[in-house]
Amino acid sequence: MLEQVLLVSMFTFIIHLSETLTYSIRLAGVRLGKLAVALSLSGIILLISRTANMLQAPLTGNIIDLSKKFNLEYNLIDQFRIIIGAATVGTFTALLLFPSAVFLSSRVISHLEVAGSIPQMVRSSVSFQKINHARYHLRSPKLSMLSRLRVGGIPKRLVALNCLVTAIYTIGVLAALLASTLTTEYSITASQASGLINGMATILLTILIDPQVGLMTDKVLKGEKKVATLNKVFGLLMISRLLGTVFAQVLLVPAAYWIKWIVSVL
């Protein structure tokens, strides 16, 4: 059972690490004035996240099966908290890697522009010498960066909503699976009800968060705002993602009982 939990935690770590690092690619694209290229590269990173998520989901369901088989329901919440903890570690690791990721993303975007395609870029740029040279682009995070992340000029609602959306996404599947163990009559319905939670997060993200980030990005590209503003936006969004994964620990059990109630009245 522990091996299964650690495996799911590893995929959860990869998901949150890769999704958080997409901010670095977008920022590098804005700095270079090549946002469209950066967004295409972000899609590749998100593909890694989606692949990890595809593998994570059935493995998490298998934890439920094993807990029922060996009557380990009382350990299930603790096991899910370990998985949520992996999301926190993944997001925090992305925060530490962010300065280096911005520099490396800038290099990748420049190489892609010259090569013209991802396969050609891989053939021309991936070598032991160039990989070894990448270490010169590494940047360690500094405490002075935190002093530049004051919320002034950035909507506080945006930061709070991003924290909430991250928390909801983090526990969506886990809460549904946990709810399936709380009811025998509607267990299958509950296990498939993660959309009840993730749907709310998608609505908030699509309507309230993404448009504001897009507007700020456009203003920076037009020269109406400084790039430092976007640095602050992405920095605060990453910190709010980190806090969101912590808040997910609080939401896990209430969300499971909410799903249990919803499926009972459907």
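Residues numbered from 1 in each chain as written. Predicted model: local features only at pLDDT ≥ 70, side-chain atom pairs only at ≥ 80, totals over all residues. Heavy atoms only, no water.

J.: Describe in detail the nonpolar core, supporting the description with residues and values.
T.: Core analysis: the largest hydrophobic core is formed by 60 residues, its most contacted members being F80, I171, F234, L252 and I259. Among the elements of the structure, α1 (2-32), α2 (35-69), α3 (73-115), α7 (156-180), α9 (194-221) and α10 (227-265) are those that each provide at least two residues to this core. Apart from residues no more than four positions distant in its own chain, F234 is found in contact with Y23, R26, L27, F98 and V213. (Core = buried A, V, L, I, M, F, W, Y, C linked by side-chain atoms within 4.5 Å. Buried < 20%, exposed > 50% of the residue type's maximum accessible area, 1.4 Å probe, protein only. Helix = DSSP H or I, 4+ residues; strand = E, 2+ residues; numbered from the N terminus. Contact = heavy atoms within 4.5 Å.)

J.: Would you mind going over the environment of F13 in detail, with residue names and values included?
T.: Position of F13 among the secondary structure elements: in helix α1. Overall, F13 belongs to the partly exposed group, its relative accessible area being 25%. In this structure, the C-alpha to C-alpha distance between F13 and I83, residues 70 residues apart in sequence, is 8.5 Å. Look past the residues within four positions of F13 in its chain and what remains in contact with it is A86, V89, G90 and T93.

J.: Tell me about the pattern of salt bridges, and name the residues and values.
T.: One pass over the full model with this rule turns up 1 salt bridge. In this structure, the salt-bridge partner of R241 is E19, at a minimum N-O distance of 3.6 Å. Linking R241 in helix α10 with E19 in helix α1, this pair joins segments that are 222 residues apart in sequence. (Salt bridge = Lys/Arg side-chain N within 4 Å of Asp/Glu carboxyl O.)

J.: Tell me about the packing of α1 against α2, residues and numbers included.
T.: The interhelical angle for the contact between α1 and α2, taken along N-to-C directions, is 170°, at an axis separation of 8 Å. Judged by the inter-axis angle, α1 sits roughly antiparallel to α2. Each residue belonging to the contact of α1 with α2 can be placed in one class, and the counts come to 19 nonpolar, 11 polar and 3 charged. (Axes fitted to C-alpha atoms, helices over the stretch in contact; angles between N-to-C directions. Parallel < 35°, antiparallel > 145°, perpendicular 65-115°, else oblique. Nonpolar A, V, L, I, M, F, W, Y, C, P; charged D, E, K, R; others polar.)

J.: So what's going on with the side chain of T91? Which residues, and what values?
T.: Looking at the element boundaries, T91 is found in helix α3. Judged by its relative accessible area of 0%, T91 falls in the buried class. Polar side-chain contacts of T91 include one of 2.9 Å to the backbone oxygen of A87. Aside from chain neighbours lying at most four places away, what touches T91 is H16, T20, M238, R241, L242 and T245. (Polar contact = N/O pair within 3.5 Å; in protein donor to acceptor, adjacent residues only side chain to side chain.)

Taken by themselves, the reported measurements are silent on function.
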